[in-house]
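Here is how the chains run, residue by residue.
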Amino acid sequence: MMTLADMIERKTPPGPWEEGDNIPWDDPEFSERMLAEHLSQSHHLASRKREKIDQHIAWIHETVLRRKPARVLDLACGPGLYTGRLARLGCECVGIDFAPAALAHARAAAEREGLSCTYVQADVREADFGAGHDLVMMLSGQFNVFTRDAARRILAKARAALAPGGAVLLEPQRFETVRGEGQARTSSWYTVAGAGLFSDRAHLVCQEDFWDEPSRTKTQRYHVVDAETARVTRHVLSAVAYTEDELRRLLAETGFEGVEVHPSLIGAPDADDPWNLAVVARTP
Ligand SMILES: C[S@@+](CC[C@H](N)C(=O)[O-])C[C@H]1O[C@@H](n2cnc3c(N)ncnc32)[C@H](O)[C@@H]1O
């Protein structure tokens, strides 16, 4: 258990992935609280708002799937907001995620509407991706949060799980997005009187951002201090800043060809989302 003394003596800057590798998506209580953020229509964090997801799906269906019914594997699918829509367009979808509340929501929606969606609760770094998919996708900047080695293994598994001519679709954060957040070296704090994302009790959240130039990695560290007990919980998230060249190289090295880099998941520059890219590559 961490104390305020541990917090004061913290290592600064922490090395990338040294103190942890993500916020606790897979913790059941955190996952319940995060589900409300996914479904919120007041911000684009966790998941985008409904209209934006509709636009993304229209582009994926038209440009990536070429309007054909397809077998789709969504890695880090969250509450199934993309898989559900693709299933309504005739796709057969599998979603993998390790957040229990998000998956429960996705399963309930699929059951309610009789959608062809299967959900697997697993860490995408360890999960079996199956075979014969026409599209494997990883959206919402998740590709950046894995170490370069883990990201390469995920791509290699995706390649092996695709049918001939199948496509991978990544929505990585742009190089400038990740570097900008890291280099800002923000150090900020806020208090929550009742329930917040990190706790359902009154608490203080201290956030620090760091940039590691040699590995081109941003690290975001949160210390959450419980108001009553002063107990401290730490969550640390690192993200790689990929250049377009590095992404193209990585995809070529993992067996993909025909790499296309688009300015957003609607295929054109999107004023609502200047932070991410859409990258499509196909198997030979
Ligand atoms: C920002 S949300 C995006 C969810 C969904 N793709 C969307 O756009 O609505 C990130 C998701 O990645 C999942 N995730 C993060 N790391 C993961 C891992 N190692 N294995 C499985 N899921 C993971 C989280 O549980 C969360 O649901």
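Just above, that's the structure.
Quick summary incoming for the structure in this document. (Residues numbered from 1 in each chain as written. Predicted model: local features only at pLDDT ≥ 70, side-chain atom pairs only at ≥ 80, totals over all residues. Heavy atoms only, no water.)

Here we take up the overall build of the chain. Broken down by element type, the chain carries eight helices and 11 strands. Computed over C-alpha atoms, the radius of gyration of the chain comes to 19 Å, within 12% of the 19 Å expected from 2.2 N^0.38 for 284 residues, which places it in the range of a compact globule. In terms of overall dimensions, the chain has C-alpha extents of about 55 × 45 × 35 Å along its principal axes. The 284 residues of the chain split such that 52% are buried. A separation of at least 24 residues holds for 66% of the contacts in the chain among residues at least 6 apart in sequence. (Helix = DSSP H or I, 4+ residues; strand = E, 2+ residues; numbered from the N terminus. Rg over C-alpha atoms; globule rule 2.2 N^0.38 Å. Buried < 20%, exposed > 50% of the residue type's maximum accessible area, 1.4 Å probe, protein only. Contact = heavy atoms within 4.5 Å.)

For any two helices packed against each other, one specifies the crossing angle of their axes together with the interaxial distance. Contact geometry of helix 2 (residues 28-39) with helix 5 (residues 100-113) gives a least axis separation of 7 Å together with a crossing angle of 55 degrees. One finds that helix 2 runs oblique with respect to helix 5. Across the interface between the two elements, Pro-28, Ser-31, Glu-32, Leu-35 and Leu-39 of helix 2 pack against Pro-100, Ala-101, Ala-102 and His-105 of helix 5. Its residues assigned to classes, the contact of helix 2 with helix 5 comprises six nonpolar, two polar and one charged. (Axes fitted to C-alpha atoms, helices over the stretch in contact; angles between N-to-C directions. Parallel < 35°, antiparallel > 145°, perpendicular 65-115°, else oblique. Nonpolar A, V, L, I, M, F, W, Y, C, P; charged D, E, K, R; others polar.)

Keep in mind these numbers describe shape, not what the thing actually does.
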